[in-house]
Amino acid sequence: MSTIEMHDLVKTYGAERVVNGVDLEIADGQFVVLLGPSGCGKTTTLRMVAGLEQITGGDLRFDGRRMNDEPPDRRGVGMVFQHYALYPHMTVAANLSFGLESRRQRGGRRRARAAERARVLEIARLLELEHVLDHRPKELSGGQRQRVALGRALIRDPDVFLLDEPLSNLDANLRDRMRMELARLHEELPVTTVYVTHDQSEALTLADVLVVMHEGRVRQAAPPAEVYDSPADTFVAGFLGSPGMNLWEVVTEQGERELRSVRLPEQMAVGLGADRPGVVVGVRPEHLELVGEAHDSLALVECRVRIVENLGSHQLVHGSLAGGGEAVVAHLEPRDGPRRGETILLGAREEHVHLFESGTGRRLASRAARGRVPVVA
Amino acid sequence: MRRSRLLKDHLVAYGLLSPAIAVFVVFFFVPAAYLLYISFFHWGVLSSATTFVGLENFRRLFAQPLFWHSLATTGYYTLVMIPATVLLSLGIALVLREAVTARRGGVWRAAVFLPHVTPVVATSIIWVWIFNPQFGLANFVLTSLHLPALGWLGTTQWALPAVMIDSLWHSLGLYVIVFLAGLANVPRDLVEVAQLDGARRQRIFYRIIWPLLSPTTFFVVILATVNSWQAFSQIYTMTGGPHGGAGGPAFSTTTDALLVYQTAFSYYHFSLAAAMAFVLFAIILTLTLIQKWISNRLVFYR
């Protein structure tokens, strides 16, 4: 068991900065998911934690102990690779016990072979691999290979468990099952876990703390619900959710609530920046609904419908702002049924409207929160 | 209907194969069969008179001490060359692989491969100079290291090792490239996992890289065996072939390829040389089959 601290972690290859100052604190036993588009530095960060990648700058600490220059095998990490990386010439049992044997030879504390075999059996039982212990990886199914890779990482009781897109090679069905399996496993063995993925549903379901990365930086690190409900910036807002949050750049004047085709609720518009010429308004597609007439407590959007996708349980309506070209996506009940070319009025409740600073994209303090909690200026 | 379809498929297949088959038949099977045929005759070079003598040539061959001596010499040569080839080329490949990512990795690889594309006869003459007992580089190096100078090609003890050094220098490049290709096929993931598993470099090499490299090693061993058993040009050139006396001193470098050549073209005893060549063929085939049999137990194919 271990806590992990990353302080201003940097990785450069030549002139290219792949990881650009990552700050992160992971509590003991936490399940942390690094999420981001490809090339955002999440795998490189994981490999630095594992010790497979030299750290260019910053500090990495496990339980307060600096790990930057420790070799991988001295960090107490178990890792699962994207392509399993099972030893193809060894049986499942040999794959599992390889790490135990490596340590036995070095460490001097000569654990009896019998104890190792018992440990292999124990792990095999935990992962339902008892009947394939004599098989070579080639003879296993994708799910079994995945479980061997998990077992190999867990067999030495790692302090830190690292997973690099472990489910991306499985078919959709199996992926869902293995995802639940991983959740169960973490409950049984609450090891500090860092999990890298680009799959949102994995990230949202598994994470205690969800870390969204972009261009080598952490954009937000918080529980999944919080990341979803109050994204820290426009990138996180647009990346999370499928489809992501609607983001409309609008020009504001003080006290003005008519913002082209977007109209903010009365409460929200109050005091909206004279010092800030622009603001980005964000609303998730599922928080938009058809409204018959204007209402002061709702944010209102006038939208020209372009495409209506019927997905059975709901409709996905694609359109654009009536006053400008920006895209609008709304998740509507099938019975609402707007038609192509129609101009419709969509509304969202105040607590579902997000405001971001134009330019930096940073979240502005929530108006809804400001309404309830007095703001200390 | 189905029958004619099958026939057509076969015709197409053999039609496409025929150029390759033709090459094999004309340049390998016919000469090999002709060789075996010759070995049953007493075959004059200038006269057209040929006499069938049955196994007489083989009987005479096996009765000849020089033949057995040449087999022993070839065996010695091969037994040194195979492990030396595998160890050196694998070692160089491992060093070069580290250097592949380095800035001038390509230059090093080219440098190692270069000897292989030089003409054997020309470079062997250079090696004769290097092994010159009075002025050669080899003895200069030895004496600078305070080691005794050697007679090299002039002595029965050191003539064959001198040839081995030349052969190794000339052939290593090819095997290094083969090993580099093999190493490139060992996934980096596996090495990293082994590191995380706490395996040290040696253990990673013996338990992960070496087993995964076994098909490559097997290929190199087969190739080195065949090349050693057939070694000719460098031996002929280095031991004074053009001036006569190749295979010396005192037959210490007379391998059986050299003996076949001399029997045929120095002593003009073609049928005896044919018998010898056939025996040589049988030996190489047997060795290859044995290696194949062993490899089925040791080589891991993914």
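The shown structure was predicted, so the numbers you read here are calculated from the model rather than taken from an experiment. (Residues numbered from 1 in each chain as written. Chains lettered and ligands numbered in written order. Predicted model: local features only at pLDDT ≥ 70, side-chain atom pairs only at ≥ 80, totals over all residues. Heavy atoms only, no water.)

A word on the sheet that holds strand β7 (residues 160-164) of chain A
Residues and elements named next belong to chain A. The strand order β6-β7-β8-β3-β9-β10 describes an open sheet built from 6 strands, whose pairing is mixed. At either end of the open sheet lies a strand with only one pairing partner, and these are β6 (77-80) and β10 (217-222). On average, adjacent strands in this sheet sit at an angle of 15° to one another, irrespective of strand direction. With 4 bridges joining them, β6 and β7 adopt parallel strand pairing. The residue of β7 that forms the bridge with Val-80 is Leu-163. Packed onto the sheet, helix α1 (residues 42-50) meets β3 (31-35), β6, β7, β8 (192-197) and β9 (209-214) and runs at close to 150° relative to β7. (Pairing = 2+ DSSP bridges. Helix = DSSP H or I, 4+ residues; strand = E, 2+ residues; numbered from the N terminus. Axes fitted to C-alpha atoms, helices over the stretch in contact; angles between N-to-C directions. Contact = heavy atoms within 4.5 Å.)

Focus on the interface of chain A and chain B
Opposite the 26 residues of chain A that make contact, chain B presents 20 residues. Summing the contributions of chain A and of chain B, the shared interface buries around 2100 Å²; its carbon and sulfur component is 58%. Where chain A touches chain B, the interface holds 5 salt bridges. In this structure, Arg156(A) engages Asp197(B) in a salt bridge whose closest nitrogen and oxygen atoms are separated by 3.4 Å. On inspection of chain A and its partner chain B, the count reaches 8 residue pairs in polar contact (both at pLDDT 80 or more). Put simply, the parts of the chain that give the side of chain A that touches chain B at least two residues each are α1, β6 and α2 (92-107) of chain A. (Buried area = accessible area lost by both parts, 1.4 Å probe. Salt bridge = Lys/Arg side-chain N within 4 Å of Asp/Glu carboxyl O. Polar contact = N/O pair within 3.5 Å; in protein donor to acceptor, adjacent residues only side chain to side chain.)

Focus on helix α6 (residues 137-144) of chain B
All names here are of chain B. For α6, the full list of buried residues reads Ala-138, Asn-139 and Leu-142. The buried residues of α6 occupy one face: seen down the axis, they fall within an arc of 90°. For α6, the exposed residues lying more than 90 degrees away from the buried face are Leu-137 and Phe-140. Those residues of α6 hidden inside the fold are in contact with α5 (120-130). Two residues or fewer after α6 comes His-146, characterised by a positive phi angle close to 60°. (Buried < 20%, exposed > 50% of the residue type's maximum accessible area, 1.4 Å probe, protein only. Arc of directions from axis to C-beta.)

Comments concerning the sheet that holds strand β2 (residues 16-26) of chain A
Residues and elements named next belong to chain A. Strand order across the open sheet formed by 4 strands is β2-β1-β4-β5, with antiparallel pairing between neighbours. Single-partner strands in this sheet number two, and they are β2 and β5 (65-66). In this structure, strand β4 (residues 57-62) lies alongside β5, joined through 2 bridges in antiparallel fashion. Bridge assignment links Arg-61 to a residue of β5, and that residue is Arg-66. Where α1 meets the sheet, it contacts β1 (4-13), β2 and β4, and its direction lies at approximately 115° from that of β1.

Quick look at helix α5 (residues 172-188) of chain A
The first and last C-alpha atoms of α5(A) sit 25 Å apart over 17 residues, in line with the 24 Å expected at 1.5 Å per residue. Close packing links the buried residues of α5(A) with β3, α3 (113-126), α4 (142-154), β7, β8 and α6 (200-206) of chain A. (Expected span 1.5 Å × (residues − 1).)

Here's the deal with the pairing of strand β19 (residues 343-349) of chain A
Bridge analysis of strand β15 (residues 289-290) of chain A against β19(A) gives 2 bridges, and the strand direction is antiparallel. When the bridges of β19(A) are listed, Glu289(A) appears paired with Gly347(A).

A short note on the confidence of the model for chain B
In low-pLDDT segments, the atomic positions of the prediction should not be examined closely. Overall, the predicted model of chain B reaches an average pLDDT of 87, with 95% of residues at or above 70. With pTM at 0.78, the complex prediction returns an ipTM value of 0.78. (pLDDT = per-residue confidence, 0-100.)

Here we look at the domain arrangement of chain A
All names here are of chain A. By domain assignment, chain A separates into domain 1 (4-229) and domain 2 (234-372). Roughly 1000 Å² of surface becomes buried between domain 1 and domain 2 when both sides are summed, with 68% attributable to carbon and sulfur atoms. Our count for the contact surface shared by domain 1 and domain 2 stands at 0 salt bridges. Linking domain 1 to domain 2 there are 4 residue pairs in polar contact (both at pLDDT 80 or more). Listing elements by their share of the side of domain 1 that touches domain 2, those giving two or more residues are α6, β9, β10 and α7 (224-229). A per-element tally of the side of domain 1 that touches domain 2 places β9 first, with 4 residues. Counted by class, the side of domain 1 that touches domain 2 contains 8 nonpolar, 4 polar and 2 charged residues. (Domains from an automatic or database assignment. Nonpolar A, V, L, I, M, F, W, Y, C, P; charged D, E, K, R; others polar.)

Regarding the side chain of Ser295(B)
All names here are of chain B. Relative to the elements of secondary structure, Ser-295 occurs in helix α12 (residues 270-298). Using a relative accessible area of 3% as the deciding quantity, one classes Ser-295 as buried. Of note is the side chain of Ser-295, whose polar atom sits 2.8 Å from the backbone oxygen of Lys-292.

Considerations on the pattern of salt bridges
All names here are of chain A. Enumeration according to the criterion identifies 22 salt bridges over all chains in this entry. In this structure, Asp-157 engages Arg-119 in a salt bridge whose closest nitrogen and oxygen atoms are separated by 3.1 Å. Highlighted residues: Asp-157 in the loop between α4 and β7 and Arg-119 in helix α3, separated in sequence by 38 residues. Given a relative accessible area of 56%, Asp-157 falls into the exposed group. In this structure, Asp-176 and Arg-179 form a salt bridge, with 3.6 Å as the shortest nitrogen-oxygen distance.

Examining the side chain of Lys42(A)
All names here are of chain A. Tracing the backbone shows Lys-42 in helix α1. For Lys-42, the side chain forms a polar contact with the main-chain oxygen of Gly-36, separated by 3.2 Å. For Lys-42, the residues in contact, after removing those within four places along its chain, are Leu-34, Leu-35, Gly-36, Pro-37, Glu-165, Val-196, Thr-197, His-198 and Met-213.

With respect to the nonpolar core
When a protein is soluble and globular, its nonpolar side chains tend to lie buried together. Core analysis: the largest hydrophobic core is formed by 62 residues, its most contacted members being Met6(A), Leu60(A), Leu162(A) and Ile208(B). The greatest single-element share of this core, amounting to 9 residues, is contributed by helix α9 (residues 201-229) of chain B. In this view, Leu60(A) contacts Ile4(A), Glu5(A), Met6(A), Leu9(A), Met48(A), Val49(A), Ile55(A), Arg65(A), Arg66(A), Met67(A), Asn68(A) and Arg75(A); residues no more than four positions away in its chain are not counted. Formed by 44 residues, the second largest nonpolar core is a distinct cluster that contains Val33(A), Leu129(A), Val132(A) and Leu170(A). (Core = buried A, V, L, I, M, F, W, Y, C linked by side-chain atoms within 4.5 Å.)

Describing the packing of α4(A) against α5(A)
Residue and element names in this part refer to chain A. Look at α4 against α5: their axes get within 11 Å of each other, and the N-to-C directions meet at 20°. If you check the angle between α4 and α5, you find them roughly parallel. In this structure, α4 meets α5 at a crossing whose hand is right-handed. In this structure, α4 uses Gly-142, Gly-143, Gln-146, Arg-147, Leu-150 and Leu-154 to contact α5, whose residues at the interface are Leu-174, Met-178, Glu-181, Leu-182 and Leu-185. Considering only residue class, the contact of α4 with α5 consists of 6 nonpolar, 3 polar and 2 charged. (Parallel < 35°, antiparallel > 145°, perpendicular 65-115°, else oblique. Left-handed = near helix turned anticlockwise from the far one by under 90°.)

Here's the deal with a nonpolar patch on the surface
Taken together, the side chains of Tyr14(B), Leu17(B), Ile21(B), Val23(B), Phe24(B), Val25(B), Val26(B), Phe27(B), Phe28(B), Phe29(B) and Val30(B) define a hydrophobic patch exposed on the protein surface, amounting to about 1100 Å² of accessible area. Tracing the backbone shows Val26(B) in helix α1 (residues 2-38). (Patch = residues over 30% accessible without salt bridge, like charges linked within 9 Å, V, L, I, M, F, W, Y side chains within 5 Å. Areas by Shrake-Rupley, 256 points an atom, 1.4 Å probe, with all protein chains shown as cover.)

A short note on the packing of aromatic side chains
Residue and element names in this part refer to chain B. Overall, the coordinates contain 24 aromatic pairs over all chains when judged by the stated rule. When the centroid spacing of 5.7 Å and the interplanar angle of 65° are considered together, the rings of Trp-127 and Trp-169 count as edge-to-face. Placement of the pair is Trp-127 in helix α5 and Trp-169 in helix α7 (residues 159-184), with a sequence separation of 42 residues. Overall, the relative accessible area of 13% leaves Trp-127 in the buried class. Look at Trp-169 and you get partly exposed, because its relative accessible area is 32%. (Phe/Tyr/Trp six-rings, centres within 6.5 Å; stacked < 30°, edge-to-face > 60°.)

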